[in-house]
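Residues per chain, in single letters:
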Amino acid sequence: MKAALFHAKEDLRVEDVPEPTPGPGQVKLRNAFAGICGSDLHVYYTPEAAGLDFDHPHPVTGSTLPQILGHEFSGTVVELGEGVTDVAVGDRVAVWPIYYCGDCTACRRGMFNACQKIGFHGLSSHGGGMAEFTTVDAAKLHVLPENVDLRMGALVEPMSVAWHAVSRSRVAEGGSALIAGAGPIGIGVWFALKAQGVQKVLVSEPSADRRAIISALGATVVDPVNGDLAQAVAELTGGNGVDVAFDAAGAGPAVTSSLASLVPGGRVVVVAIHERPMEFLPTQLVMAETEISGALAYLPEDFDAVIEAMSQGAYDTTGWVQEVPLEGVVDAIRALRGGAGAKILVQAD
């Protein structure tokens, strides 16, 4: 079968590999679509910044290079391993791709998404979604309802990142929010806020293309470079500041501008991965009793919530999701790195 194999920094090849066979408790999936994530870009260009150690087998999965990429994906069950009874051949599914140790402090607290040895199917496993087939534990499957297609199913993973971030923000229905960054996660945060009853939302994005994409979905946008972010926040909130702000940009100015936009007692949630350190004055937190919180990945219940919201029509892919064949994955990664487009799905089959 064809698969996108990552060999080393800036070395990703579409090659023929053996077709996998499911073991006990596993299923075999015919993959449909696999999204290219910001994490894939980090792995391709700066694997050290992504926190991946490719010099040693992964402590949970035992995986080493080369690695089939694709951790946000959907597919159809085509074969059941021994002992699998909760799903059936023909089920269309999204995959919760996290591998966790079960023993670290985070795992003992139920924070499997923050496991100190965390791995992902399609980043540090023996398979991935950017291939014709993969095998995965049946317990990781989330069956899609009839009105959620496989294209939308591939978006469950990144939308769950955003949903988890909104949950971490503790914003109340009827509250207000600022989103810094209108890439796929920023778009996902916007959808999640709307689905959870937060209507006063401002999106800050320097890229004209990305502003146009999220504006077409119905968002209120501002250019933080050439526009007046402070004035836009004031107009949104009657001069009070937003209840929560989300850094979905991964840039220091996104965090500092978010802090400056908060109501007293507000919170910034950092959901983006930063490649460089930043500076800010912690006294800024003290004087208004504001907070900074991190949000990493998702839990299975975030997948369930997103799939339910999708089934209720809360998500729209118009204008921001495009598809490329498996052979076009490297060109797509380079295009995304250059700032083109928003979300690209790789057609695995």
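Residues numbered from 1 in each chain as written. Predicted model: local features only at pLDDT ≥ 70, side-chain atom pairs only at ≥ 80, totals over all residues. Heavy atoms only, no water.

Draft legend 1. Highlighting the side chain of Q67. Following the sequence through the fold, Q67 ends up in strand β4 (residues 67–68). Judged by relative accessible area, Q67 falls into the buried class, the value being 2%. In terms of polar contacts, Q67 uses its side chain to reach the backbone carbonyl oxygen of G127, at 3.1 Å. With sequence-adjacent residues up to four places away left out, Q67 is seen in contact with A4, L5, F6, G122, L123, S124, S125 and G127. (Helix = DSSP H or I, 4+ residues; strand = E, 2+ residues; numbered from the N terminus. Buried < 20%, exposed > 50% of the residue type's maximum accessible area, 1.4 Å probe, protein only. Polar contact = N/O pair within 3.5 Å; in protein donor to acceptor, adjacent residues only side chain to side chain. Contact = heavy atoms within 4.5 Å.)

Draft legend 2. Representation of the nonpolar core. Counting 87 residues, the largest nonpolar core has I36, L193, F246, Y315 and W320 as the members making the most contacts within it. Broken down by element, this core gets its largest block of residues, seven residues, from helix α4 (residues 156–169). Apart from the residues lying within four places of it in its own chain, the contact partners of L193 are V166, V171, A177, I179, V198, V201 and F246. Of all hydrophobic cores here, the second largest spans 15 residues; its members include L178, L229, V233 and L262. (Core = buried A, V, L, I, M, F, W, Y, C linked by side-chain atoms within 4.5 Å.)

Draft legend 3. Broad picture of the packing of helix α1 (residues 38–45) against helix α11 (residues 329–337). It is the contact of α1 with α11, at a shortest axis distance of 10 Å, that shows an interaxial angle of 100°. Between α1 and α11, the angle falls in the class roughly perpendicular. Here L41, Y44 and Y45 of α1 lie close against α11, whose contacting residues are V330, I333, R334, L336 and R337. Classifying every residue of the contact of α1 with α11 gives six nonpolar, no polar and two charged. (Axes fitted to C-alpha atoms, helices over the stretch in contact; angles between N-to-C directions. Parallel < 35°, antiparallel > 145°, perpendicular 65-115°, else oblique. Nonpolar A, V, L, I, M, F, W, Y, C, P; charged D, E, K, R; others polar.)

Function cannot be read off these values alone, since they describe shape.
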